[in-house]
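Spelled out, the chains give:
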Amino acid sequence: MQLNLTKPICFFDLETTGISITKDRIVEISILKVFPNGTEESKTWLVNPEMVIPDEVIAIHGISNEKVANEPTFKELAKDIYNMIKDADLGGFNSNRFDIPLLAEEMLRADVDFDMKNTLAIDVQTIFHKMEQRTLSAAYKFYCDKNLDGAHSAEADTNATYQVLKAQLDKYEELENDTKFLAEFSSRKKFADFAGFIAYNKDGVECFSFGKHKGKLVTEVLEKEPGYFGWLLNADFPLYTKKVLTAIKLRSFNNKLG
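Just so it is clear, the model here is predicted, and its values are computed rather than measured.

1. Considerations on the layout of surface pockets
Okay, so step 1: Taken as a whole, the largest pocket encloses approximately 790 Å³ of empty space.
Okay, so step 2: Lining the largest pocket are 30 residues, and of these Lys190, Phe191, Ala192, Phe194 and Tyr200 lie nearest its centre.
Okay, so step 3: Among the elements of the structure, α4 (95–109), α8 (179–185) and α11 (239–257) are those that each provide at least two residues to the lining of the largest pocket.
Okay, so step 4: Top contributing element to the lining of the largest pocket by residue count: α11, with six residues.

This is how it looks when you write it as structure tokens:
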């Protein structure tokens with residue numbers, strides 16, 4: 001089954017120096033852009049992370065420090081990557097919880113105004129886990145009856161993710177061939193910042209999902225405790241989370257002026 005698209009969608013996968021959204025960096029990114037007419041465009045970049053890749057991580061994806069030593073930094077690649085994805089929705093495997101937040105960090109560090117407000121995100125892993133409870137390699141075998149050669153290379157994982165989603169649409173009649181439906185179905189809980197620190201409550205209003213203010217409205221906390229905003233901006237939170245918090249604070253300020 002071909003995807004029913006109203007705008008392009010970019011499936012992507014990252015290989016990184018580790019699993020910290022705020023501290024780790026991208027060493028490889030692969031993007032497969034699928035257009036509404038069915039045509040595809042793909043690109044893979046190796047990236048110099050400007051930090052040491054730990055041995056235990058190299059053992060997983062096979063990208064050594066020597067391999068990326070002479071590759072461009074993410075800041076040098078950011079505009080090209082952004083130009084490829086800026087008009088598209090995003091798709092990935094565990095992308096809502098890891099790849100998108102980390103990509104946002106890299107973009108913001110490179111002074112690219114990355115924003116997800118008008119972008120849908122389909123997480124194929126969430127669909128898979130809701131249906132079958134497996135890993136990407138098992139998903140590829142289960143849905144496509146193929147072995148995933150080259151697992152943990154960004155390009156192999158990216159292409160496998162795209163093939164799995166198409167097979168899921170063929171297998172499950174209850175899945176609608178619509179990016180908005182798939183994005184909503186593949187979200188575990190709706191967050192304003194993807195990293196999971198700011199959630200939407202049942203009324204669609206932003207609230208904190210952690211710490212002493214968990215469950216409280218962001219606007220109310222920032223108004224009653226102004227110093228908390230400064231602490232958040234100076235603490236080790238993702239840049240995209242800080243951007244969302246700043247936008248909420250500015251919106252609240254402008255509403256008062258209005």
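Moving on from the coordinates now.
2. Thoughts on the environment of threonine 39
Okay, so step 1: Residue placement: threonine 39 occurs in the loop between β2 (26–34) and β3 (40–46).
Okay, so step 2: What makes threonine 39 partly exposed here is its relative accessible area of 39%.
Okay, so step 3: Spatially, the C-alpha atoms of threonine 39 and leucine 233 are 42 Å apart, while their sequence positions differ by 194 residues.
Okay, so step 4: With residues up to four places along the chain from it excluded, the contact list for threonine 39 reads Lys33 and Val34.
Okay, so step 5: Here asparagine 37 takes part through its side chain, which lies 2.8 Å from a polar atom of the side chain of threonine 39.

Definitions and cut-offs
Residues numbered from 1 in each chain as written. Predicted model: local features only at pLDDT ≥ 70, side-chain atom pairs only at ≥ 80, totals over all residues. Heavy atoms only, no water. 1 Å grid on protein atoms, 1.4 Å probe; cavity = no way out; pocket = protein on both sides within 12 Å on 5 of 7 lines; lining within 4 Å. Points joined across faces, edges and corners; volume = space filled by probe spheres on them. Helix = DSSP H or I, 4+ residues; strand = E, 2+ residues; numbered from the N terminus. Buried < 20%, exposed > 50% of the residue type's maximum accessible area, 1.4 Å probe, protein only. Contact = heavy atoms within 4.5 Å. Polar contact = N/O pair within 3.5 Å; in protein donor to acceptor, adjacent residues only side chain to side chain.

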